Amino acid sequence: MVEHHRHASVRAAAAVDCLNIAVNHWTASGGRLDLDGLLDEAFAALAPRAPSGHSPW
């Protein structure tokens, strides 16, 4: 059970980092970049990935 909570904490921290990175890029662009797109790209980095050539679904 402790391992599950540790994994959840790491994922939550990674999600906050992704959010901060996206917002920092958006702010640095003076609001010119698409914040929704930046957030989508940032959180896509957290999505599980299948081995090359295989779908995770």
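Attention here is on the structure that accompanies the text. Small disclaimer: the values here were computed from a predicted structure and weren't measured.

Reading the values: rules and limits
- Residues numbered from 1 in each chain as written.
- Predicted model: local features only at pLDDT ≥ 70, side-chain atom pairs only at ≥ 80, totals over all residues.
- Heavy atoms only, no water.
- Helix = DSSP H or I, 4+ residues; strand = E, 2+ residues; numbered from the N terminus.
- Polar contact = N/O pair within 3.5 Å; in protein donor to acceptor, adjacent residues only side chain to side chain.
- Contact = heavy atoms within 4.5 Å.
- Core = buried A, V, L, I, M, F, W, Y, C linked by side-chain atoms within 4.5 Å.
- Buried < 20%, exposed > 50% of the residue type's maximum accessible area, 1.4 Å probe, protein only.

1. Considering the side chain of Ser29
Here's step 1: Looking at the element boundaries, Ser29 is found in the loop between helix H1 (2-28) and helix H2 (35-44).
Here's step 2: Within the structure, the side chain of Ser29 is placed 3.0 Å from the backbone nitrogen of Leu33, a separation counted as a polar contact.

2. With respect to the environment of Leu19
Here's step 1: Tracing the backbone through its elements, the reader meets Leu19 in helix H1.
Here's step 2: Taking C-alpha positions, Leu19 is 9.7 Å from Asp40, a pair spaced 21 residues apart along the chain.
Here's step 3: Ignoring sequence-local partners within four residues, the contact set of Leu19 consists of Leu39 and Phe43.

3. Topic: the nonpolar core
Here's step 1: Judged by nonpolar contacts, Cys18, Ala22, Leu38, Ala42 and Leu46 together constitute the single largest core of 5 residues.
Here's step 2: Residue assignment for this core shows that the elements contributing at least two residues are H1 and H2.
Here's step 3: With sequence-adjacent residues up to four places away left out, Leu46 is seen in contact with Arg11, Ala14, Ala15 and Cys18.

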